[in-house]
Amino acid sequence: MAESMQGIKRTHTCGDLDKSNVGERVTLMGWVHRRRDHGGVIFIDVRDRYGLTQVVFKPEDEELMEEARRLKQEYVVAVTGTVEPRPDDMINTDLATGEIEVRADRLRILNESETPPFVIEEEAQANDDLRLKYRYLDLRNRVLRDNIVLRHTAAVAVREYLNLRGFLEIETPMLVKRTPEGARDFLVPSRLNPGKFYALPQSPQLYKQILMIAGFDKYYQLPKCLRDEDLRADRQPEHTQIDIEMSFVSEEDVWGLGEGLMAHVWKTAIGAEIETPFPRMTYAESMARFGTDKPDLRFGLEIKEVTELVGETSSDMLKKASASGGAFAIVSGEGAGLSRKNIEALEVAAKKAGAAGLAWVKMSQGKGSGMARFFEAGTLGKIQGLFGVEGDMLLLIVAGDRAVSLKALGAVRLKLAGLCDLIPEGRHCFVWITEFPVFEWDPEEDRWAPAHHMFSMPMDEDIDLLETDPAKVRGRLYDLAYNGIELGSGSIRNHIRSVQERVMKVVGIDKQEAARRFGFLLEAFEYGAPPHGGVALGFDRIAMVLAGKDSIRDVIAFPKTTSGASLMDVCPSEIDDRDLKELHLKLDLPNRESP
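On a predicted model such as this, the values are computed, not experimentally measured, just so you know.

If you tally the helices and strands in the protein chain, you get 16 helices and 23 strands. Split into buried and exposed, the 595 residues of the protein chain put 47% on the buried side. When contacts within the protein chain are restricted to residue pairs at least 6 apart in sequence, those whose partners lie at least 24 apart make up 67%. Just so you have it, the protein chain exposes about 29700 Å², and 49% of that area is on carbon and sulfur atoms. Charge separation in the protein chain, taken as the distance between the mean sites of 77 positive and 96 negative side-chain charges, equals 2 Å.

Put into structure tokens, the structure is as follows:
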């Protein structure tokens, strides 16, 4: 039976004890990680958040031994005993407490446990749905526990860095006005205002700009942001971001702050030294060299245009395709050793990214394969010279529409780096990508749409293109990428009403509609809005890369599934008709049965 603590006090955690504690009488509390019976002696490993300690029960006390035999995995216990050194042949150097054990003389079972649906170990072997249903058990495993602790450490480092630089942590509302743009909002019906709704914030964007107009100068928070959109490994319906805004700043001010912040977080959380300043690269340059706006700079394999050199080949197919936009290539010396199956995987990556196909030439030990027969030796030599490669090589070409070809080669580049093992461990490559387009064409809506969001200031030299050539308007926009992952976005904001209204007009929002949806912001611009800018960094992604994981679910205590469901507490869930009536709502669902 489970017992109460009855005045017993924990003296140490399960990660505290070492040889300096030998001879001390201690009390540990935690969960039974495992039990082992060895010839009349019983060993249990007691686990808590801080670590694991071996406890030994010896046969001199039969009543205590009988109680110890009752212990099962995940029972909650309080154990009192004396710290003893382990025999030399039993020292566990992988364990912080591995040089000692506690010889028990008192045991209290604080609570029993059903047999867990999976074993609590460093990496649970159960399927994801089962682990999410029993998340409170999965969080007991060391890896997930350490991820959550690491996340906390990073959050403390963020606040520490910004607080020391005069920033104020200010909370913005969770129930906000719906200003539809970008992803879909989560809507909240108002019981006190029938027929009206709040939205849950996709970001604090407008409120942090209002705070700058209010004169707070330096703001930050770690807010929850909510978007009703399709999910993937690095996206959840709710996420946390490091939200920063400053007045009277240029891009360099924001970048410098962001670089110092990242260096401090990486140093504090994982002990990594980050070199600053980070390189800067325009969006156009990044796309041309790497085929993506979040380039992984840990390896080379840069894209180069080869349209003229393709014109020297005898391949009509390549010439025809390149005539509609150009020909672009990657060359790898290491790729010359890839198998035909590997090259097919590269072709799949190119097609998945939108390319019609991937042309390839492999030169190995003087022999050519693939489309080598269409290339004269002189042309191949020029290509080798262009890429700085000698001897064996793999040449990969995508021809056609420029944007599609570059994007496809960007995907091929990443796949090729993985196949050739070109990505070094332990490198931390940050880069600022700048001067993004302000607008992108939405063929479904047949109109211009904001490429990021509509509150960024266009570059001064491009403002006059707003009405005449929106495609060429670059914004004072920037993203921070790390090892091929986008960590965040920011911009110097629009603080002039007339320019903001011109931007809105391009995306189909006239002055009347702008006043209805964003009137409070536009009106605030009339009362001395200072120049301001900032950045929003994805805190979940930062925690993910710090932990060396591929999914943000591994660094969030209670994540959702890819369908947005929480399997542990079974939500979203239905509500009954009485609640619907109070909210003045009716559901129009096929075959809905009353609760």
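With that settled, consider the sheet that holds strand β14 (residues 327-332). Reading across the sheet, the five strands line up as β13-β14-β17-β15-β16 and stay open at both edges, with antiparallel pairing between neighbours. The open sheet terminates on both sides in strands that have one partner only, identified here as β13 (304-305) and β16 (367-370). Relative to strand β17 (residues 393-399), β14 is paired through six bridges, and the arrangement is antiparallel. Residue pairing across strands places V331 opposite L395, the latter belonging to β17. Each of β13, β14 and β17 is contacted by helix α12 (residues 402-419), which is oriented at about 10° to β14, the strand it contacts most.

Turning our eyes to something else, we now look at helix α5 (residues 205-213). Taken across its nine residues, α5 has seven buried, putting it largely inside the fold. The set of residues buried in α5 consists of Q205, L206, K208, Q209, L211, M212 and I213. Looking at the buried side of α5, the elements it contacts are β9 (218-221), β11 (238-247), α14 (511-525) and β23 (532-538). After α5 finishes, the residue G215 shows a positive phi value of roughly 95°.

This next bit is on the packing of aromatic side chains. What the rule picks out here adds up to eleven aromatic pairs. Where Y283 meets F436, the ring centres are 5.1 Å apart and the plane angle is 40°; that geometry is what we call tilted. Taken together, the residues Y283 in helix α7 (residues 283-290) and F436 in the loop between β18 (430-434) and β19 (439-442) connect sequence positions 153 residues apart. Residue Y283 is classed as partly exposed on the basis of its relative accessible area, which comes to 25%. With a relative accessible area of 2%, F436 lands in the buried category. Note that R165 overlies the ring of Y161, its terminal NZ or CZ placed 3.6 Å from the centroid.

Our focus in this paragraph is empty space enclosed by the protein. Applying the stated rule across the entire model yields one cavity of 30 Å³ or more. Estimated volume of the largest cavity: approximately 50 Å³. Among the residues making up the lining of the largest cavity, the classes are represented as five nonpolar, one polar and one charged.

With respect to the element layout, R497 can be found in helix α13 (residues 497-506). Between the C-alpha atom of R497 and that of D16, which follows or precedes it by 481 residues, the distance is 60 Å. Ignoring anything within four residues of it in the chain, the contact list for R497 reads L522, E523, F525 and E526.

When the terminal C-alpha atoms of α14 are compared, their 15 Å separation across 15 residues is substantially less than the 21 Å that a helix rising 1.5 Å per residue should span. Where α14 bends most, at F518, the angle is about 100°. Among the residues of α14, those classed as buried are A514, R517, F518, L521, L522, A524 and F525. Measuring from the side-chain oxygen of the N-cap residue of α14 to the backbone nitrogen of Q512 gives 3.2 Å; that N-cap residue is D510.

What follows is about the packing of α13 against α14. Across the interface, α13 lies against α14 with an axial gap of 11 Å and an inter-helix angle of 150°. The orientation of α13 relative to α14 falls into the category roughly antiparallel. As for the relative orientation of α13 and α14, their crossing is right-handed in sense. Facing α13, whose interface residues are R497, Q500, E501 and M504, α14 presents K511, A514, F518, L522, E523 and F525. Across the contact of α13 with α14, the residue classes break down as five nonpolar, one polar and four charged.

Here we take up the nonpolar core. Nonpolar side chains tend to gather and get buried jointly when the protein is soluble and globular. By size, the foremost hydrophobic cluster in this structure holds 44 residues, and its most contacted members are I244 and W266. Listing elements by their share of this core, those giving two or more residues are α4 (142-163), β11, α6 (251-270), β18, β21 (477-482), β22 (485-492), β23 and α15 (539-547). The element contributing the most residues to this core is α6, with nine residues. If we ignore the near neighbours within four places in the chain, the residues touching I244 are L162, F167, K208, Y219, Y220, L257, L261, R493, G534 and V535.

Let's shift gears to the sheet that holds strand β4 (residues 76-85). The strands that make up a sheet pair up through hydrogen bonds in the backbone, lying either parallel or antiparallel. Pairing is mixed around the closed barrel formed by five strands, whose spatial order is β1-β2-β3-β5-β4. The average angle at which neighbouring strand axes cross in this sheet is 55°, direction not considered. Bridging between strand β1 (residues 25-38) and β4 involves seven bridges; their strand directions are antiparallel. Residue pairing across strands places V26 opposite G81, the latter belonging to β4.

How each quantity is defined
- Residues numbered from 1 in each chain as written.
- Predicted model: local features only at pLDDT ≥ 70, side-chain atom pairs only at ≥ 80, totals over all residues.
- Heavy atoms only, no water.
- Helix = DSSP H or I, 4+ residues; strand = E, 2+ residues; numbered from the N terminus.
- Buried < 20%, exposed > 50% of the residue type's maximum accessible area, 1.4 Å probe, protein only.
- Contact = heavy atoms within 4.5 Å.
- Areas by Shrake-Rupley, 256 points an atom, 1.4 Å probe, with all protein chains shown as cover.
- Lys, Arg positive; Asp, Glu negative; His and termini not counted.
- Charge placed at Lys NZ, Arg CZ, Asp CG, Glu CD.
- Pairing = 2+ DSSP bridges.
- Axes fitted to C-alpha atoms, helices over the stretch in contact; angles between N-to-C directions.
- Phe/Tyr/Trp six-rings, centres within 6.5 Å; stacked < 30°, edge-to-face > 60°.
- Lys NZ or Arg CZ within 6 Å of the ring centre and 35° of its normal.
- 1 Å grid on protein atoms, 1.4 Å probe; cavity = no way out; pocket = protein on both sides within 12 Å on 5 of 7 lines; lining within 4 Å.
- Points joined across faces, edges and corners; volume = space filled by probe spheres on them.
- Nonpolar A, V, L, I, M, F, W, Y, C, P; charged D, E, K, R; others polar.
- Expected span 1.5 Å × (residues − 1).
- Bend = angle between axes of the 7 residues up to and from the residue.
- Polar contact = N/O pair within 3.5 Å; in protein donor to acceptor, adjacent residues only side chain to side chain.
- Parallel < 35°, antiparallel > 145°, perpendicular 65-115°, else oblique.
- Left-handed = near helix turned anticlockwise from the far one by under 90°.
- Core = buried A, V, L, I, M, F, W, Y, C linked by side-chain atoms within 4.5 Å.

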